[in-house]
There are 2 protein chains.
Amino acid sequence: MTGAAGNSEDRSAGADPFPARSTGEDRLLRRILDVLPAPPGEGGEEVPHLILGPGDDAAAFAWPGGGTLLLTADAAEEGVHFDRSLHPLRAIGRRAVAAAVSDIAAMGGRPAGALVSLVAPPSEELAAARIAEAAGERAAELGAPLVGGNITAGERIGLHVAVAGTGAPGAPLLRRSGAKPGDGLFVTGELGGAALGLALLRRRTEGGTTCLDSAEEALVARQLDPAPRLEAGAALAGAAHAGMDLSDGLALDLHRLAAASGVGASVEAARVPLAGTGARGLEAALFGGEDYELLIAGPPQAVIAAAGTAGIRVTRIGRVTAAGEGIRLERAGRGAEPLPRRGWDSWAGR
Amino acid sequence: MTGAAGNSEDRSAGADPFPARSTGEDRLLRRILDVLPAPPGEGGEEVPHLILGPGDDAAAFAWPGGGTLLLTADAAEEGVHFDRSLHPLRAIGRRAVAAAVSDIAAMGGRPAGALVSLVAPPSEELAAARIAEAAGERAAELGAPLVGGNITAGERIGLHVAVAGTGAPGAPLLRRSGAKPGDGLFVTGELGGAALGLALLRRRTEGGTTCLDSAEEALVARQLDPAPRLEAGAALAGAAHAGMDLSDGLALDLHRLAAASGVGASVEAARVPLAGTGARGLEAALFGGEDYELLIAGPPQAVIAAAGTAGIRVTRIGRVTAAGEGIRLERAGRGAEPLPRRGWDSWAGR
């Protein structure tokens, strides 16, 4: 959400660090996917055949002879996903790779390798090299070694990261579809930290040097160096009915999961594990994005048991309901209200 | 090479449609690859392990249980790889996909699926949709259905295409390394057509409407809608010692293949199959780029036999020599001279 000014009508002006956005990216993607040729059916023994096409966190192919190939791509564009006055070069490379690998975590999979396509002004060769180096470092840490890529001259810095991986052996893919009314809704970790960290970075840059305490430093780290939840995805894939990663805020991503599953959902505000505090902490969790925690729907006992066995922290934040009930937020003393379908949207947000 | 002005010293000024370029992209990539962490070794039965890392046309992994996974990515940036005053939206989408799939052809492989990461100004949603649609159409034609992607707001249009594929069953990968002194040098098809087609598009745009004859239309088609040589790569992989696709002109790409193989090479100018005629046709073949034909080194009889069996047109253009002999061009009446290491280079060429 860096460097972008919200254009929706329901946002407050000025210093709001979580500008509301419409969902132009979803709309445009849907229009394009509608006109794509249908993927081929099974192509015989020798050819990987598509079992999950566009619309989930990653595409999946059944590999001839066994196993599942996962493919995903993510972009980080200067002035949209990062701001060089706020994000160090090293962070630009590391977070772009983490965001793409998070799509593999969101399927319950394991990364195998990554490709980076980098755009940078020719006059900034040194900056491009440092970003690429940081991307390679983070890719190796995450088990997705950088195996190729290219550098192209362009006006602004942009990174496009593609990752290939494999599905968790013996477990189904963690898809966005499959959530059922009665399922529990869970998230890993704490939400809102990345957006609050971005707000702290802005404050520090605009207001000159500011001392940050250790809690604030932790929020900044969530923004600059996010961690994809690979262990959690692999541990929960077998127990969950549906799941995805939280890249664009709980509100928008929950709308997406519910739409893919054909269900409604109800979130209890008081249960959402917050990286920050109070109303601002909840705003950041719902609409801030870039947390890369996982959103999971499934039978409560099975999800809690799988998380316990693997030592993964999950928090039950609500429940899956019938489609007709919509997506709701329940607050103490205020009852249930519709949870707006808004969050981090690079396409419409500028 | 679109829209780019060469900056090398050995180019002539003005209307030269094939500006010489230094090889800044190679240099920068090498610097980055030098600092990448070493890829892991074999990771056990469950994990694809890397058998060919950065530096070839695609990376390759041995898939657990059998088969080879190929991964590659390519970029098409406005003002560098295409020019909207010359390239229709449909061509922008189609050629970006073809260029990436050509890297799979260059390994002797078969594509399985593609991802497109698209950057476009939010005000140009319709143009972005048409480009993405054309990319999806071409991807499906080439057996690499578009299985995912994203759209990001940016200043200029850019496409980043990643393709996954499989190695040819029963044949070794067609690598850049492996050419041996005494091998024949071969190319598929005719060279220089894409660069000559670009020059014709420029002339038509700058000079107002110009009628093109059918031969000229064929050159324009080579620029706007290139065809990766998937059949040729698969047919020749078993017979060749080394190979790659010709994306940046015969001269620069031959230097790359020779460097990867640790050999020299000698090309007979009169044998190079030209899409155009005369000195200009040869210039375009050597330095023009974007032809996406294949360059093959191997035992002459085996290569010719494999091509004949598959009905693939190959032309012997020279021979592989010892490393100390360098990369040479032999011309009738002029003897052998060094073939400059220059061609299409987006990084240094602007």
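Residues numbered from 1 in each chain as written. Chains lettered and ligands numbered in written order. Predicted model: local features only at pLDDT ≥ 70, side-chain atom pairs only at ≥ 80, totals over all residues.

### Concerning the overall build of chain A
Right, on to step 1. Counting its regular elements, chain A contains 9 helices and 13 strands.
Right, on to step 2. Taking all 350 residues of chain A together, 60% fall into the buried category. (Helix = DSSP H or I, 4+ residues; strand = E, 2+ residues; numbered from the N terminus. Buried ≥ 20, exposed ≤ 12 C-beta atoms within 10 Å, placed from the backbone.)

### Overview of the sheet that holds strand β3 (residues 68–77) of chain A
Within a sheet, adjacent strands bond to each other through the backbone by hydrogen bonds, running parallel or antiparallel.
All names here are of chain A.
Right, on to step 1. With mixed pairing, 6 strands are arranged side by side in an open sheet as β1-β2-β3-β6-β4-β5. Each edge of the sheet is formed by a strand with only one pairing partner; in this case those strands are β1 (49–52) and β5 (146–153). Each adjacent strand pair in this sheet contributes to an overall mean axis angle of 20°, direction not counted.
Right, on to step 2. The sheet contact formed by strand β2 (residues 59–62) and β3 spans 4 bridges and is antiparallel. Looking at β3, one finds that A60 is bridged to L70.
Right, on to step 3. In the packing of helix α2 (residues 89–105) onto the sheet, contacts are made with β3, β4 (110–120) and β6 (158–166), and the angle to β3 comes to roughly 145°.
Right, on to step 4. Its contacts with the sheet put helix α3 (residues 125–141) on β4, β5 and β6, and the angle it makes with β4 is roughly 175°. (Pairing = 2+ DSSP bridges. Axes fitted to C-alpha atoms, helices over the stretch in contact; angles between N-to-C directions. Contact = placed C-beta atoms within 7 Å.)

### A short note on the nonpolar core
Right, on to step 1. Core analysis: the biggest nonpolar cluster contains 225 residues, and A:A114, A:L236, B:A114 and B:L236 have the highest contact counts within it.
Right, on to step 2. Every residue in contact with A:L236, bar those within four places of it in the chain, is listed here: A:G108, A:L174, A:G243, A:I296, A:V303, A:A306 and A:A307. (Core = buried A, V, L, I, M, F, W, Y, C linked by C-beta atoms within 7 Å.)

### Quick notes on the pairing of strand β1 (residues 49–52) of chain B
All names here are of chain B.
Right, on to step 1. Both β1 and strand β2 (residues 59–62) contribute to a ladder of 3 bridges, which runs antiparallel. The residue bridging L52 from the neighbouring strand is A60, located in β2.
Right, on to step 2. Here β1 folds back onto β2 in antiparallel fashion, the turn holding 6 residues, of which G55 has a positive phi close to 120°.

### Observations concerning the environment of B:D183
Right, on to step 1. For B:D183, the location among the structural elements is in the loop between β6 (158–166) and β7 (184–188).
Right, on to step 2. On a C-alpha basis, the gap between B:D183 and B:V303 in space is 9.8 Å, while along the polypeptide they are 120 residues apart.

### Let's talk about the packing of α2(A) against α3(A)
All names here are of chain A.
Right, on to step 1. Interaxial distance between α2 and α3 falls to 7 Å at its minimum, and their mutual angle equals 40°. Classified by the angle their axes make, α2 and α3 are oblique. Both α2 and α3 take part in a crossing whose hand is right-handed. Counted together, L89, R90, I92, G93, R94, A96, V97 and A98 of α2 and A127, R130, I131, A132, E133, A134, A135, R138 and A139 of α3 form the full contact between these two elements.
Right, on to step 2. Across the contact of α2 with α3, the residue classes break down as 11 nonpolar, 1 polar and 5 charged. (Parallel < 35°, antiparallel > 145°, perpendicular 65-115°, else oblique. Left-handed = near helix turned anticlockwise from the far one by under 90°. Nonpolar A, V, L, I, M, F, W, Y, C, P; charged D, E, K, R; others polar.)

### Structural notes on the confidence of the model for chain A
Right, on to step 1. Per-residue pLDDT for chain A has a mean of 87; in total, 85% of the residues score no lower than 70.
Right, on to step 2. Complex prediction metrics read pTM 0.89 and ipTM 0.87. (pLDDT = per-residue confidence, 0-100.)

### A few points about the domain arrangement of chain A
In many reports, interface size means the accessible area that the parts give up when they come together.
Residue and element names in this part refer to chain A.
Right, on to step 1. For chain A, the assigned domains read domain 1 (43–166) and domain 2 (184–338).
Right, on to step 2. Taking the mean C-alpha position of each, domain 1 and domain 2 sit 23 Å from one another.
Right, on to step 3. If you look at the interface, domain 1 gives 20 residues, while domain 2 gives 21 residues.
Right, on to step 4. The biggest single contributor to the side of domain 1 that touches domain 2 is α2, with 9 residues.
Right, on to step 5. For the side of domain 1 that touches domain 2, a count of residues per class yields 9 nonpolar, 6 polar and 5 charged. (Domains from an automatic or database assignment.)

### Concerning the sheet that holds β7(B)
Residue and element names in this part refer to chain B.
Right, on to step 1. Read across the sheet, 7 strands follow the order β8-β10-β7-β11-β9-β12-β13 without closing on themselves; strand pairing throughout is mixed. Looking at the sheet topology across the chains shown, the edges are occupied by β8 (242–245) and β13 (335–338). Direction aside, neighbouring strands of the sheet carry axes that sit 25° apart on average.
Right, on to step 2. Sheet analysis places strand β9 (residues 264–268) next to strand β11 (residues 314–321), joined by 4 bridges and oriented antiparallel. Looking at the pairing, V267 lines up with G318 of β11.

### Topic: helix α7 (residues 250–261) of chain B
Because the α-helix completes a turn every 3.6 residues, residues three or four places apart line up on one side.
Residue and element names in this part refer to chain B.
Right, on to step 1. End to end, α7 covers 16 Å across 12 residues, agreeing with the expected 16 Å (1.5 Å per residue, within 8%).
Right, on to step 2. Most of α7 sits out of view: 10 of its 12 residues are buried.
Right, on to step 3. Residues of α7 that are buried make contact with β8, β9, α8 (278–287), β10 (294–298) and β12 (327–331).
Right, on to step 4. Backbone geometry just after α7 places G262 at a positive phi near 70°. (Expected span 1.5 Å × (residues − 1).)

### Digging into α8(B)
Residue and element names in this part refer to chain B.
Right, on to step 1. Of all 10 residues in α8, 7 are buried, a share of seventy percent or more.
Right, on to step 2. Every buried residue of α8 is listed here: G281, L282, E283, A284, A285, L286 and F287.
Right, on to step 3. Taken together, the buried residues of α8 touch α4 (193–206) and α7.
Right, on to step 4. G289 sits one or two positions beyond α8 and adopts a positive phi of about 80°.

### Digging into the pairing of strand β9 (residues 264–268) of chain A
All names here are of chain A.
Right, on to step 1. Burial along β9 is one-sided: A265 and V267 are buried, while G264, S266 and E268, pointing the other way, are not.
Right, on to step 2. In this sheet, strand β12 (residues 327–331) lies alongside β9 in parallel orientation, the contact comprising 4 bridges. Residue pairing across strands places V267 opposite L329, the latter belonging to β12.

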